[in-house]
Amino acid sequence: MSKFRILFQLSGSIACYKSCAIISKLVQDGHEVQTASTANALKFVGGATLSGLTGKPVFNDIFEAGRTMDHIILAKWADLAVLCPATAHTINQLANGLASDCIGTLFLAYDLKKPYLIAPAMNQEMYNHPATQSSLKKLQNWGVQVLPTDFGHQACGDLGPGRLLNPDAIYEKIMEARG
Ligand SMILES: Cc1cc2nc3c(=O)[nH]c(=O)nc-3n(C[C@H](O)[C@H](O)[C@H](O)COP(=O)(O)O)c2cc1C
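Throughout this description, residue numbers start from 1 for each chain and increase along the sequence as written. Thresholds applied to this predicted model are a pLDDT of at least 70 for local features of residues and 80 or more for the giving and counting of side-chain atom pairs; totals over whole chains, interfaces and linings are not thresholded and use all residues. In computing side-chain values, all of the structure's heavy atoms are included and hydrogens and water are not.

Student: Give me the lowdown on the nonpolar core, citing residues and values where you can.
Tutor: In this structure, Ile 6, Phe 8, Leu 26, Ile 170 and Ile 174 are the most contacted members of the largest nonpolar core, which totals 29 residues. Strands are runs of DSSP state E lasting at least two residues, helices are runs of H or I lasting at least four, and both sets are numbered from the N terminus onward. For this core, the elements supplying multiple residues, two or more each, are strand E1 (5–10), helix H1 (16–28), strand E3 (80–86), strand E4 (116–120) and helix H8 (167–177). Working rule for contacts: check all heavy atoms of both residues, and any pair within 4.5 Å makes them a contact. In contact with Phe 8, other than residues within four places in its own chain, are Ser 19, Ile 22, Ile 23, Leu 26, Val 33, Gln 34, Thr 35, Ala 36, Val 82, Cys 84 and Ile 174. Nonpolar core, defined: a set of buried Ala, Val, Leu, Ile, Met, Phe, Trp, Tyr and Cys residues in which side-chain atoms within 4.5 Å join the residues together. Relative accessible area decides the class of each residue, using a 1.4 Å probe on protein chains only: under 20% of the type maximum gives buried, over 50% gives exposed, and in between gives partly exposed. If you look at the next biggest cluster of nonpolar residues, it comprises 28 residues, including Phe 59, Cys 102, Ile 118 and Leu 136.

Rendered as structure tokens:
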């Protein structure tokens, strides 16, 4: 299998731990994976875990010394980008073109002719909210591939849509998207 450069981005959801298994499998399968995360994602999984899995420091702070052009460099470097898990906040941020953090700047610097996948994960009310639904539609119209969510029990006790799609299915979607 040819080496594939994957920009794997995380935002601050309870489902962040599930992304670690996907990242691990991508690396084991020979793909080059660079992680990027919101500040809040690092409250759910540690930078040491993401760096340990990929062999590369996570990109988190656009003002970090020595990495001040990484929001452009990594957007160009990647063959495919994935945002998993995608929070309501980050989805709404991207749909409004806001570039206040590394995920927002990477998104604007990224050429959407390349695959960009979003795997939403959130409470069912947050998922069904018109703000979130309209942002997801907007992103889809821009060429982003929005993955479905699973229906099921949620960390808050609710039952409904918005659960992160199971990691094996996300892995398969990444493989399909790379063509
Ligand atoms: C324990 C906990 C779990 C959370 N899980 C989610 C989640 O699954 N999806 C979501 O959209 N927000 C979730 N949130 C809220 C987000 O972390 C919050 O909206 C945050 O501002 C998102 O920031 P980010 O998108 O920049 O990472 C959770 C918050 C806490 C405290």
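Student: Describe the site of the ligand, with residues and values.
Tutor: Residues are classed as near a molecule or strand on a simple rule: at least one heavy atom within 4 Å of it. Taken together, 14 residues sit near the ligand, with Gly 12, Thr 38, Thr 87, Thr 90 and Ala 121 positioned nearest. Measuring from an oxygen atom of the ligand, one finds a side-chain N or O atom of Asn 40 at 2.9 Å. One of the side-chain N or O atoms of Thr 90 is found 2.6 Å from an oxygen atom in the ligand. Coverage of the ligand by the protein amounts to 65% of the 640 Å² it exposes when considered alone. With three residues, the single largest contributor to the shell around the ligand is helix H4 (residues 88–95). Asp, Glu, Lys and Arg are counted as charged, while Ala, Val, Leu, Ile, Met, Phe, Trp, Tyr, Cys and Pro are counted as nonpolar; the rest, among them Gly, fall into the polar class. Here the shell around the ligand is built from residues that sort into six nonpolar, eight polar and no charged. Counted as a polar contact is a pair of N or O atoms within 3.5 Å, where, for protein atoms, one must be capable of donating a hydrogen and the other of accepting one, and residues adjacent in sequence contribute only when both atoms are in side chains. Note that accessible areas follow from Shrake-Rupley with a 1.4 Å probe, and for residues the cover is restricted to the protein chains shown.

Student: Describe the packing of H1 against H8, naming the residues involved and giving the relevant values.
Tutor: In the contact formed by H1 and H8, the axes pass within 9 Å of each other and the chain directions differ by 45°. Compared by their axis directions, H1 and H8 come out oblique. As for how H1 packs across H8, the hand of that crossing is right-handed. Two secondary-structure elements touch here, H1 through Lys 18, Ile 22, Lys 25 and Leu 26 and H8 through Pro 167, Ile 170, Tyr 171, Ile 174 and Met 175. Across the contact of H1 with H8, the residue classes break down as seven nonpolar, no polar and two charged. To get an axis, fit a line to the C-alpha atoms, keeping to the stretch in contact for a helix; angles then go from 0 to 180 degrees between the N-to-C directions. Reported orientations rely on four angle classes, namely roughly parallel under 35 degrees, roughly antiparallel over 145, roughly perpendicular from 65 to 115, and oblique for the rest. Each crossing gets its hand from how the near helix is turned against the far one by less than a right angle, where anticlockwise is left-handed and clockwise is right-handed.

Student: Tell me about the pairing of E1, residues and numbers included.
Tutor: On any regular strand, side chains alternate: one points to one face of the sheet, the next to the other face. Taken across its six residues, E1 has five buried, putting it largely inside the fold. The definition of a right-handed crossover adopted here requires that, viewed with the strands pointing away, the path from the first strand over the helix to the second runs clockwise. In this region the chain leaves E1, passes through H1 and returns to the parallel neighbour strand E2 (residues 32–37); the handedness of that crossover is right-handed. One requirement defines pairing of two strands: DSSP has to find at least two bridges between them. Sheet analysis places E1 next to E3, joined by four bridges and oriented parallel. Considered in E3, the bridge of Leu 7 is made with Ala 81.

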